[in-house]
Amino acid sequence: MKKRTLGTSNIEISELSLGCMSLPTNVYEAKPIIEAALDAGINYFDTADLYNHGENEQIVGEILKPYRHQLVLATKVGNRFEKGQEGWSWDASPSYIKKAVKDSLQRLQTDYIDLYQLHGGTIEDNFEEVIDTFEQLKQEGLIRAYGISSIRPNVFAPFAEKGQALSNMMQYNLLDRRADEWFSTLSTNGVSVVTRGSIAKGLLTKQWRTRLQNYMSYSQEELQTLLANLEEQYDSLHSLALAFNLQHKTIASTVIGASTQQQLLENIEAYYAIKDLSSLDKLEEQLKKDIYTEHR
């Protein structure tokens, strides 16, 4: 599987990567999915301390432990929770980040995290303090690099400008192109995009008719027409979705989730079926060009 460089670093990640949030909640069911990803050449795995209140990190860490130095492991911080209690609160304070990173390291069974991401963020956050804290964690060898996971321009833009972030994880697909206008800003600051929501809740797969619903600014009726037309024009709607994201140089990886091995294998098959990105030249003419109207 092809790899791309993350930001301005020497970290190379697979063009297709595994978002671990949807994994089963026990090791025995999750293991075949992660091992299938490894077999396919996927080397980038994304989780977060919040997923199942730390249990997702534990599962990912247990399964990936034998392969740790062959892969790039990413997790997130900022959503404070107490195990056994419902809900969570936002806390991007230096003291909490320093505590949370040690908890994540323990759950992941590793002595370093490749990419540590601020999991959201608000305009009230002191980005200078957050970035200084991440830089300290780098100097201590607890993390190799840091980034953010945000769709709020008034959060991710200043964060990118003030520090040495390598990435922003944000929703992007051919039905949700709001991030387009920010690719240049991020790239100028040395920040790559890793995409989530890349197949739009299954709307960009061969199962789209069973998943048809309003999505972003598209009505169900608009999607019925658009997706049927795209299916006629392209060999595979699923491959088209992945190719659409990967045509952008700013995007380092397209993150996909999977709750079963079959779901993962379908994504891998679609990735390897991508043929010629130049055939996408006229695709955008058929799509809406939405922009972020909030958080600017």
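Up top is the structure these notes are about.
These numbers were taken from a predicted model, which means no experiment stands behind them.

This brings us to the overall build of the chain. What the chain contains, in helices and strands, is 9 helices and 12 strands. For 296 residues, the compact-globule estimate of 2.2 N^0.38 gives 19 Å, and the C-alpha radius of gyration of the chain, at 19 Å, lies within 12% of that figure. Overall, the chain is about 55 × 45 × 40 Å in size when its C-alpha atoms are taken along their principal axes. Here the contacts in the chain between residues at least 6 apart in sequence split such that 74% fall between residues at least 24 apart. Accessible area for the chain stands at about 13,300 Å²; split by element, carbon and sulfur atoms hold 45% of it. When the 30 basic and 40 acidic side-chain charges of the chain are each reduced to a single mean position, those positions are 2 Å apart.

A full pass over the atoms with the stated rule returns 8 aromatic pairs. Measuring from ring centre to ring centre gives 5.8 Å for Tyr 172 and Phe 244, while their planes differ by 15°; the resulting arrangement is stacked. Residue Tyr 172 is located in the loop between strand E10 (167-171) and helix H6 (183-188), and its partner Phe 244 is located in helix H8 (residues 237-246); the two are separated by 72 residues in the primary sequence. Overall, Phe 244 belongs to the buried group, its relative accessible area being 0%.

Describing two packed helices takes the angle between their axes plus the distance from one axis to the other. Close contact between helix H1 (residues 27-39) and helix H2 (residues 55-64) brings their axes to 10 Å; oriented N to C, the two are set at 55°. Taken together, the axes of H1 and H2 lie oblique to each other. H2 is crossed by H1, and the crossing has right-handed handedness. In contact with Val 27, Ala 30, Lys 31, Ile 34 and Leu 38 of H1, H2 contributes Ile 59, Val 60, Glu 62, Ile 63 and Leu 64. In the contact of H1 with H2, the residues fall into 8 nonpolar, no polar and 2 charged.

Here is what the cut-offs are and how they apply
- Residues numbered from 1 in each chain as written.
- Predicted model: local features only at pLDDT ≥ 70, side-chain atom pairs only at ≥ 80, totals over all residues.
- Heavy atoms only, no water.
- Helix = DSSP H or I, 4+ residues; strand = E, 2+ residues; numbered from the N terminus.
- Rg over C-alpha atoms; globule rule 2.2 N^0.38 Å.
- Contact = heavy atoms within 4.5 Å.
- Areas by Shrake-Rupley, 256 points an atom, 1.4 Å probe, with all protein chains shown as cover.
- Lys, Arg positive; Asp, Glu negative; His and termini not counted.
- Charge placed at Lys NZ, Arg CZ, Asp CG, Glu CD.
- Phe/Tyr/Trp six-rings, centres within 6.5 Å; stacked < 30°, edge-to-face > 60°.
- Buried < 20%, exposed > 50% of the residue type's maximum accessible area, 1.4 Å probe, protein only.
- Axes fitted to C-alpha atoms, helices over the stretch in contact; angles between N-to-C directions.
- Parallel < 35°, antiparallel > 145°, perpendicular 65-115°, else oblique.
- Left-handed = near helix turned anticlockwise from the far one by under 90°.
- Nonpolar A, V, L, I, M, F, W, Y, C, P; charged D, E, K, R; others polar.

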